[in-house]
Amino acid sequence: MFGKHMMLLDAGNLHSMKRGEEQDREAGFIIDIMNRQDYDVIGLGPKDVMLPDSVLTPMIKRSNFDWVGSNYRQGVVPKTVRDFSVHKVDGIKVGVFTWADPTYPSNGMDSSRVTDDLEEAVRRFRRKCDVLVMLAHTSNRTPEDLISRVPEVDVVMLGGVANPWNTSRRVGETYVGNCGDRGRHIARFELLLNREKRIVDSKFVLIKLDHDMPRNPEVAQMMEDFKGEQEREKKREIERNRQERLSELNLDERTLPWHDSKYTFVGESECRNCHREVHQAYKSTLHARAFSDLIRDRRSDDESALRRCVTGYMVESGYINRRDTPQLYNVQCEACHGPGSAHVKSEGAALETLANPSESCAHCHSPEQDPDFDLQRALPLVHDVAALSTPDHDAVRQAGLSSVDPATLPQSQAPKKKTN
């Protein structure tokens, strides 16, 4: 089945199994793409069956193709899921059914939810088609054991198994292929049939999907639109969480550093792309582990300390909480240089958009918060590249570059005062 005479199948496990509306939207988007590409049949994978009916039924209703789940017991899957599906391809009746192996650990199947009438089912399906295809969720190590039970099957496609074969196998009169897992490959069987509609030859190709594959412009635009909407919804959710948190803390964001900046925070990973050596030096300082020190000292709920251990505390595009903005842990580059979106977008040209670090230090190291802080001594050590070549980084680590009050730090980390 190839070229204009082709049948598109999917082995199943379509949903990511993560919770939340975002994952449901993603599954719906995948179905829209499959509708656009004229898929014919999808197998109901073991992970699909684990979905609540409130998720699975809308997915099936949204599909323009058949869902097949052949060995699930009655009542386990929606009634719209078929036992068996037959499609005509160039005059040949191709039948498709599925097999979810309850003994295969990766399936996580409850054996009470499936039937073991494989032989009887195949005899029933065989009478209704010319070519019989099984979509099987089982191990790819011993397919011979499965095929020995049902040698009448013409083609077996193993789905949901990592490390797919590059070539097909032939067990008796049955052709066996593996399409891999997580949608990273396409397995294609090209079958040559004689006048008696029996397979006399087969060609198998395993295609790895990568970024070099040619793209359908319409589908590519659908993908870009979907990703854009995902990003916008994520930003809306974070902003809702931020506003709720500001209200809980009775905090006026106009009192926070960077609240009036027209640029956004990008995170230290963007800075590292161009300033690797500077970033490496920064990683040796207390700034780089301020948040983990706070966690260790069980002070992550202390808002007065937390605001000096993260970047862009509670301002738009800044740190909100551990779940939504983990990329802004610690006192990063932008805590001193200010939001770096314009600098990054211009590939380093927009230097004028960066703040003066000597002024930014006062956000955390004010006379009230850190009376012993020596700005002139500290600035050269914020990311001292020269110190990378020395075996002892104590001078950097003990430079007083903590974003919390030094008096609250353990004695081993507190900056040492000079004595006369």
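Residues numbered from 1 in each chain as written. Predicted model: local features only at pLDDT ≥ 70, side-chain atom pairs only at ≥ 80, totals over all residues. Heavy atoms only, no water.

### Structural notes on the nonpolar core
Then comes step 1: One finds Leu14, Leu44, Met59, Phe65, Trp67 and Tyr72 to be the most contacted residues of the largest nonpolar core, which totals 21 residues.
Then comes step 2: Contributions of two or more residues to this core are made by helix H1 (21–36) and helix H3 (53–61).
Then comes step 3: Not counting residues up to four positions away in its chain, the partners in contact with Leu44 are Val49, Leu56, Trp67, Val68, Gly69, Tyr72, Val77, Val81 and Thr98. (Core = buried A, V, L, I, M, F, W, Y, C linked by side-chain atoms within 4.5 Å. Buried < 20%, exposed > 50% of the residue type's maximum accessible area, 1.4 Å probe, protein only. Helix = DSSP H or I, 4+ residues; strand = E, 2+ residues; numbered from the N terminus. Contact = heavy atoms within 4.5 Å.)

### A few points about the packing of aromatic side chains
Then comes step 1: Per the stated rule, a full pass over the model turns up eight aromatic pairs.
Then comes step 2: Three or more aromatic residues joined by ring pairs make a cluster, and in this case those are Phe84, Phe97 and Phe125.
Then comes step 3: Across from the ring centre of Trp165, 4.0 Å away, lies the NZ or CZ of Arg169, which sits over that ring. (Phe/Tyr/Trp six-rings, centres within 6.5 Å; stacked < 30°, edge-to-face > 60°. Lys NZ or Arg CZ within 6 Å of the ring centre and 35° of its normal.)

### Concerning the sheet that holds strand S7 (residues 155–158)
Sheet strands pair by backbone hydrogen bonding; their relative direction is either parallel or antiparallel.
Then comes step 1: Across the sheet, which stays open at both edges, the six strands sit in the order S4-S5-S6-S7-S9-S8 with mixed pairing between neighbours. Because the sheet does not close on itself, it has two edges, and the strands there are strand S4 (85–89) and strand S8 (169–171). When the angles between neighbouring strand axes are averaged without regard to direction, this sheet yields 25°.
Then comes step 2: The strands touched by helix H4 (residues 118–126) within the sheet are strand S5 (92–100) and strand S6 (131–137), with S6 carrying the most contacts at an inclination of about 150°. (Pairing = 2+ DSSP bridges. Axes fitted to C-alpha atoms, helices over the stretch in contact; angles between N-to-C directions.)

### Some thoughts on the pairing of strand S10 (residues 185–193)
Then comes step 1: Pairing of S10 with strand S11 (residues 199–208), which is carried by nine bridges, proceeds in the antiparallel orientation. Bridge assignment links Glu190 to a residue of S11, and that residue is Lys203.
Then comes step 2: Between S10 and S11, which pair antiparallel and follow one another directly, the connecting turn spans five residues, one of which, Lys197, has a positive phi of 65°.

### A look at the pattern of salt bridges
Then comes step 1: All chains considered together, the criterion is met by 28 salt bridges.
Then comes step 2: For Lys197, the salt bridge is made with Asp130, and the minimal N-O distance between the two is 3.8 Å. Placement of Lys197 in the loop between S10 and S11 and of Asp130 in the loop between H4 and S6 is noted, with a sequence separation of 67 residues between them. (Salt bridge = Lys/Arg side-chain N within 4 Å of Asp/Glu carboxyl O.)

### Quick notes on the sheet that holds strand S2 (residues 41–43)
Then comes step 1: Taken in spatial order, the three strands make up an open sheet running S1-S2-S3, and their pairing is parallel. On the outer flanks of this sheet lie strand S1 (9–10) and strand S3 (66–68), each paired with one strand and no other.
Then comes step 2: Where S2 and S3 come together, three bridges link them in parallel fashion. By the bridge assignment for S3, Ile42 is matched with Trp67.

### Considerations on the environment of Lys283
Then comes step 1: As for its position among the elements, Lys283 is in the loop between helix H8 (276–282) and helix H9 (290–296).
Then comes step 2: The exposure class of Lys283 is partly exposed, given its relative accessible area of 41%.
Then comes step 3: The spacing of Lys283 and Gln332 is 49 residues in sequence and 9.5 Å in space, taken between C-alpha atoms.
Then comes step 4: Once you skip the residues sitting within four places of it in the chain, Lys283 turns out to touch Glu268 and Ala288.

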